[in-house]
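# Structure at a glance
As a plain string of letters, each chain reads:
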Amino acid sequence: MDVDEVVSGLILELRRGTLILLVLSQMKEPTYGYSLVKTLSDNQIPMDANTLYPLLRRLEGQGLLSSQWDTAQGKPRKYYQITENGMEVLEKTKTYWKRFSEHVDNLLEGTV
Amino acid sequence: MNQDLLERYLYAVTRRLPEKQREDVAQELRGLVDDMLFDRCGDITPTEKDLRVVLTELGTPRELYEKYSGDAGKCLIGQPYYSTYKLVLGIVLICAGAGITIANGILLMLEPQNGLQAVLTWLSMLWNSLISAFAFVTLLFAFFSWRGIPVNRDFDFDSLPTVPKQREQISRWECIAGIAFCIFFMVVFLGVPQVFCAWLPETNQRIPVFDAAAIRQGWYWIALFSVLGIAGETVKLLEGRYNRNVLLVTLGTNFLSAVAGILWLTQYNLMSPEFTAHLSQLFGEGEEIVVTLFSNFQIFFLCVLLFALILDTAEAVIRTLKK
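Residues numbered from 1 in each chain as written. Chains lettered and ligands numbered in written order. Predicted model: local features only at pLDDT ≥ 70, side-chain atom pairs only at ≥ 80, totals over all residues. Heavy atoms only, no water.

### A look at the overall build of chain B
- A tally of regular secondary structure across chain B gives 14 helices and two strands.
- What you see for chain B is a C-alpha radius of gyration of 32 Å, clearly larger than the 20 Å of a compact globule of 323 residues, by over 25%.
- By its C-alpha atoms, chain B is 115 × 55 × 30 Å across when sized along the principal axes.
- Across the 323 residues of chain B, 35% fall into the buried class.
- For chain B, the exposed surface amounts to about 19600 Å²; the carbon and sulfur share of it is 65%.
- Side chains of chain B give 26 positive and 32 negative charges; the mean places of these two sets differ by 5 Å. (Helix = DSSP H or I, 4+ residues; strand = E, 2+ residues; numbered from the N terminus. Rg over C-alpha atoms; globule rule 2.2 N^0.38 Å. Buried < 20%, exposed > 50% of the residue type's maximum accessible area, 1.4 Å probe, protein only. Areas by Shrake-Rupley, 256 points an atom, 1.4 Å probe, with all protein chains shown as cover. Lys, Arg positive; Asp, Glu negative; His and termini not counted. Charge placed at Lys NZ, Arg CZ, Asp CG, Glu CD.)

### Focus: the packing of aromatic side chains
- Scanning the entire structure with this criterion turns up 15 aromatic pairs over all chains.
- With a centroid separation of 5.5 Å and an interplanar angle of 15°, the aromatic rings of tyrosine 96 of chain A and phenylalanine 100 of chain A are classed as stacked. Remark: phenylalanine 100 of chain A and tyrosine 96 of chain A occur in helix H4 (residues 84-109); sequence separation between them is four residues, near one turn of the helix.
- Among the residues examined, tyrosine 96 of chain A registers a relative accessible area of 48% and is labelled partly exposed.
- What links up through ring pairs into an aromatic cluster is the set Phe181, Phe184, Phe185, Phe189, Phe196 and Phe210 of chain B.
- Geometry around tyrosine 32 of chain A places arginine 77 of chain A over its ring, the cationic atom sitting 4.0 Å from the centre.
- The ring centre of tyrosine 65 of chain B lies 4.5 Å from the NZ or CZ of arginine 16 of chain B, which sits over that ring. (Phe/Tyr/Trp six-rings, centres within 6.5 Å; stacked < 30°, edge-to-face > 60°. Lys NZ or Arg CZ within 6 Å of the ring centre and 35° of its normal.)

### Remarks on the pairing of strand E2 (residues 205-208) of chain B
All names here are of chain B.
- Where strand E1 (residues 197-200) meets E2, four bridges bridge the pair, whose relative direction is antiparallel. By the bridge assignment for E2, alanine 198 is matched with isoleucine 207.
- In sequence, E1 turns back onto E2 through a hairpin of four residues, with asparagine 204 there showing a positive phi of about 50°. (Pairing = 2+ DSSP bridges.)

### Focus on the interface of chain A and chain B
- The partner chain B presents 16 residues to the 15 residues of chain A that form the contact.
- Buried surface at the junction of chain A and chain B, both sides included, amounts to about 1600 Å², of which 51% is carbon and sulfur.
- For the chain A face of the interface with chain B, the top three residues by lost area are Asn50, Tyr53 and Arg57 of chain A, together amounting to 39%.
- Inspection of the region where chain A meets chain B yields seven salt bridges.
- Across the salt bridge formed by aspartate 35 of chain B and arginine 77 of chain A, the nearest N and O atoms sit 2.6 Å from each other.
- Our count for the contact surface shared by chain A and chain B stands at 13 residue pairs in polar contact (both at pLDDT 80 or more).
- For the side of chain A that touches chain B, the secondary structure elements donating two or more residues are helix H2 (33-42), helix H3 (49-61) and strand E3 (77-82) of chain A.
- The dominant element in the side of chain A that touches chain B, judged by the number of residues it contributes, is H3 of chain A, at six residues.
- Of the residues in the side of chain A that touches chain B, the class split is eight nonpolar, two polar and five charged. (Contact = heavy atoms within 4.5 Å. Buried area = accessible area lost by both parts, 1.4 Å probe. Salt bridge = Lys/Arg side-chain N within 4 Å of Asp/Glu carboxyl O. Polar contact = N/O pair within 3.5 Å; in protein donor to acceptor, adjacent residues only side chain to side chain. Nonpolar A, V, L, I, M, F, W, Y, C, P; charged D, E, K, R; others polar.)

### Remarks on a nonpolar patch on the surface
- Taken together, the side chains of Met1, Val3, Val6, Val7, Leu10 and Ile11 of chain A define a hydrophobic patch exposed on the protein surface, amounting to about 610 Å² of accessible area.
- By relative accessible area, which is 48% here, valine 3 of chain A ends up partly exposed. (Patch = residues over 30% accessible without salt bridge, like charges linked within 9 Å, V, L, I, M, F, W, Y side chains within 5 Å.)

### Focus on the packing of helix H1 (residues 3-25) of chain A against H3 of chain A
Residues and elements named next belong to chain A.
- Direction vectors running N to C along H1 and H3 enclose 75°, while the axes themselves pass 11 Å from each other. Comparing their axes, H3 and H1 come out roughly perpendicular. Between H1 and H3, the contacting residues are Ile20, Val23 and Leu24 on the first element and Leu52, Leu55, Leu56 and Leu59 on the second.
- The residue makeup of the contact of H1 with H3, split by class, is seven nonpolar, no polar and no charged. (Axes fitted to C-alpha atoms, helices over the stretch in contact; angles between N-to-C directions. Parallel < 35°, antiparallel > 145°, perpendicular 65-115°, else oblique.)

### Topic: the sheet that holds E3 of chain A
- One open sheet accounts for three strands, arranged E1-E3-E2 (chain A); its pairing is antiparallel. Every interior strand has two partners, whereas the edge strands, strand E1 (31-32) and strand E2 (65-70) of chain A, have only one.
- Inspection of the sheet shows E1 of chain A paired to E3 of chain A by two bridges, in the antiparallel sense. Note on E3 of chain A: the bridge partner recorded for tyrosine 32 of chain A is tyrosine 79 of chain A.
- Its contacts with the sheet put helix H2 (residues 19-41) of chain B on E1, E2 and E3 of chain A, and the angle it makes with E3 of chain A is roughly 100°.

### Quick notes on helix H1 (residues 3-14) of chain B
All names here are of chain B.
- Over its 12 residues, H1 runs 17 Å from end to end, which matches the ideal 16 Å to within 8%, given 1.5 Å per residue.
- Inspection of H1 places Leu5, Leu6, Tyr9, Leu10, Val13 and Thr14 among the buried residues, and these make up the whole buried set. Seen along its axis, H1 keeps its buried residues to an arc of 155°; they face one direction. (Expected span 1.5 Å × (residues − 1). Arc of directions from axis to C-beta.)

### Details of the side chain of threonine 138 of chain B
Residues and elements named next belong to chain B.
- Tracing the backbone shows threonine 138 in helix H6 (residues 115-147).
- By relative accessible area, threonine 138 is classed as buried at 13%.
- Not counting the four nearest positions on each side in its chain, threonine 138 is found in contact with Leu76, Ile77 and Tyr85.

### Remarks on the pattern of salt bridges
- One pass over the structure, following the stated rule, counts 19 salt bridges over all chains.
- Here aspartate 50 of chain B and arginine 40 of chain B are joined by a salt bridge, their closest N and O atoms 3.0 Å apart. You can see aspartate 50 of chain B sitting in helix H3 (residues 48-58) and its partner arginine 40 of chain B sitting in helix H2, a full 10 residues away along the chain.
- Of the residues examined, aspartate 50 of chain B reaches a relative accessible area of 13% and is grouped as buried.
- Taking the relative accessible area as the measure of exposure, arginine 40 of chain B reaches 43% and is therefore partly exposed.
- A network of salt bridges, in which partner residues are shared, links Arg57, Glu60 and Lys78 of chain A together with Asp24 and Glu28 of chain B.

Have a look at this one:
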C-alpha cells in the first residue's frame, strides 16, 4: 500500500467539500477570481486558478453567486458576489461545519 | 510575447463549450493569464517562455475544458442503472445470439451451402443482430439514465422484497430459454414454415405440413404469441420469484394467448392441402386414430396449446399462493 497516495486521496476528499464553503465566505464584496486565489493562498489555503474559475461559474449557475463585468478600469474583470440564496447556504453550512469540526477535534484529540 | 499562442490555447479550451459561454470564459481566462504574468514578471514585459510557464500551470486545454463543462467523472449509464443494464444486456445478447444461430442452422438445412460460406453468413447475421441488440439496450438505458427514470424500487425498507423460498424462486436460465424459444418460434414459423414436412419413402417426396401462404397471411398472430411469451418471461426474469406481479402478468398473457390461439386456429386453414390428401398414404390404412387426429390437426393443436397455458397458469397460481 502506498501511504502517500492514500493520504493525498483523503486530503483531496476533505478539501473538496470545504473549498466551496470558503469561496462563498469570501464573496460578500464583489471579488474577481485571481484576487480570491491570492486571498486564499495568503491564508494558507492554496487553490489552483484552474479549479477556482470553473467553480465560480458553477456556483453562479446554481444561483449562489452573481457576476458583473467591470470594464471601466484598464483591464476588463469579471466580479462575483454572493446572492441571497448563497448567503443562506453559507450560513447553514457554516453552522454545520462549526459543530462538525468541533466533534471531529474532540474525537481526534481523544477528549471524548 | 506570442499572443497567437494564448488565443490558440483559449480556442482549444472553449471551442466545445456552449456557444454563449465561449467568449465570456475566454475573456475571463485572458484576464487571469494577464494577472498571472504580472505576478511572475512585474513590470518587465513577459516573454513567450513566461506565457508557456503560466499556461502549463493552468493545465492542458482538455483538463480545463473538462472542469468548465463539468463532464469529468460523468458517464452515459451510471448507477443505479448500470447493474440492471448489465443484466438486461447479457440476457438480450444471449437470446439474440441463440435465436439467430438456431434460425441460421435451419436455413442451412433447407439450403445447404459450403462450409466457409455458411460460417461467413452465420457470422455476419450474428454480428448484425448483436450490434443492433447492444445499440437498442444501450440507447434505452442511456435514456433512462438521462431522464432519471426509476428502475429499482428498493428505496423504502418496507417495500424491500422478502427472501424468496425455494418454491417461489424462478431460475434465470429457465426464463432465458423461454425467451429464446419465443424468438425461435417466431423466426421459424414466419421465415421457414416449410421446415415442418413429412417424407414419403416410396416416391422420396417431401410434403410440407403447413400452408406457408396461410401462415404468412396470419403473421401478426404469430408475432403476438411471441411478444406475449417474451413479455411474460421478461417479467419473471426481472422479478426472479413468483409474486403478485408475476401472477398477474402470467394470467394476463396466458389469457390473451388463449384468445389469440382460438382466433388464429379457427380463422385460418393452416394445413397444406397436399398433406391432408396424403394422410392415409403417410400413416397407413390401419392407423385410423392418427389419421383422424391429423385431419383435425388444428383442433388438436388448439387443445394442446390451451392445456399448456392452463398448466402454466396453474403452476404460477400454486407457486405464488402456497407459501
